[in-house]
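One letter stands for each residue in the lines below.
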Amino acid sequence: MPRPFFKAEPDLWHYNKELSADKMPASHFHPTYEVYYLISGKRRYFIKDKSYEIRPGDLVVIPPQVVHKVSNSIENQEGDYHERYLLSFSESSLSPSLQKRFTKCHYRLNEKDRQYLKELMEKMRDAIKNYDDYSLQLYNAHLTELVIYILRNDSQIDDDTADRSKTRINHILDEIAQYIYANQSDNGLSLSLIAEKFGFSKEYLSKKFKDTFKCGYSEFLTNTRLSTSIRLLTMTSLSVKEIAVKCGFSDSNYYNAVFKKKLGITPLEYRASVKDGNI
């Protein structure tokens, strides 16, 4: 049985000149924030319903419960070497006011911002690496500084979302993802319907989903519905039955079964864990 997605301790990974093979699993989501800072190489991120070409000096923010996937860049589908920092931390690490403002996904940093944030992330890495009684407090202090710095300098940090290097199919996949998010309550949202609407054969579109998201259309749709349902579980008082309908599941029993298979607990158990502070 899958392990429940309970609150993660803060962590930081630093890959030094790793080959950019597609090591990340299929499009997925988790209950923590992720902050990804690319030092060298090129990568491509798909976040919720939009894709981004990531270059050195780019910062990517993935909010909790948002479907995402990182892969090789469009320019080099075989992969190249890259270096990056990746921070992972729970929502409770940030105050509610910071959570509300920390919502943009892609920042293109200038040279001054790059150096400042790189040094700050290295301090966070050292706080965890040299662990003692003060490490967690020091890590959280640096984390708050990082988020506030990004928010205070947002007007100087360019969010280049309209990347001209995208291919036609990448733009269309973004449109398809946006359509899926907007219409996920429709439980008849089949691959055939999407293929016909966007002018592709089922076979071609199925292949492109697997190439891009490392999962089939059905799994992508299910992950989209689950991530939306989790936000409704935590932010509203809607019943499980109402949430199942809003997210396009055929009935609450099926929703319960899919949720437990993916997260290891039922929707009601998840909601209770959030209230108890365990997620």
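Because the structure is a prediction, the values reported are computed rather than measured.

How each quantity is defined
Residues numbered from 1 in each chain as written. Predicted model: local features only at pLDDT ≥ 70, side-chain atom pairs only at ≥ 80, totals over all residues. Heavy atoms only, no water. 1 Å grid on protein atoms, 1.4 Å probe; cavity = no way out; pocket = protein on both sides within 12 Å on 5 of 7 lines; lining within 4 Å. Points joined across faces, edges and corners; volume = space filled by probe spheres on them. Helix = DSSP H or I, 4+ residues; strand = E, 2+ residues; numbered from the N terminus. Nonpolar A, V, L, I, M, F, W, Y, C, P; charged D, E, K, R; others polar. Salt bridge = Lys/Arg side-chain N within 4 Å of Asp/Glu carboxyl O. Buried < 20%, exposed > 50% of the residue type's maximum accessible area, 1.4 Å probe, protein only. Core = buried A, V, L, I, M, F, W, Y, C linked by side-chain atoms within 4.5 Å. Contact = heavy atoms within 4.5 Å.

Asker: What am I meant to see in empty space enclosed by the protein here?
Answerer: Remark: the empty space left among the atoms is shown by a probe the size of a water molecule rolled over them. Taken as a whole and assessed by the stated rule, the structure comprises 1 cavity of 30 Å³ or more. The wall of the largest cavity is formed by R44, Y45, F46, K69, S71 and T212. Put simply, the parts of the chain that give the lining of the largest cavity at least two residues each are β3 (43-47) and β6 (68-72).

Asker: Help me understand the layout of surface pockets, please; the structure alone is not making it clear to me.
Answerer: Approximately 690 Å³ is the volume found for the largest pocket. What lines the largest pocket is a set of 22 residues, among which P64, E91, Q99, T234 and M235 lie closest to the centre. Elements supplying a minimum of two residues to the lining of the largest pocket: α1 (96-101), α7 (217-235) and α10 (267-275). Per element, the largest residue contribution to the lining of the largest pocket is 4 residues, and it comes from α7. Among the residues making up the lining of the largest pocket, the classes are represented as 12 nonpolar, 6 polar and 4 charged.

Asker: What am I meant to see in the pattern of salt bridges here?
Answerer: Here the idea is simple: oppositely charged side chains can pair when their charged atoms come close. Throughout the structure, instances matching the rule amount to 6 salt bridges. In this structure, E53 engages R44 in a salt bridge whose closest nitrogen and oxygen atoms are separated by 3.7 Å. Exposure class is identical for E53 and R44. Each is buried. Notably, a salt bridge pairs R108 with D58, separated by 2.7 Å at the nearest N-O pair. In this pair, R108 is assigned in strand β8 (residues 106-108) and D58 in strand β5 (residues 58-62), connecting sequence segments 50 residues apart. R108 sits in the buried class, given a relative accessible area of 13%. Here D58 falls in the buried class, since its relative accessible area comes to 1%.

Asker: Sorry, what's going on with the nonpolar core here?
Answerer: Across soluble globular proteins, nonpolar side chains have a tendency to be buried as a group. Core analysis: the largest hydrophobic core is formed by 39 residues, its most contacted members being I176, I180, L205, F209, F220, Y255 and F259. For this core, the secondary-structure elements that each account for two or more residues are α4 (168-182), α5 (191-198), α6 (202-213), α7, α8 (240-246) and α9 (252-263). With residues up to four places along the chain from it excluded, the contact list for F259 reads L226, S229, I230, L233, G264, I265, T266, P267 and Y270.

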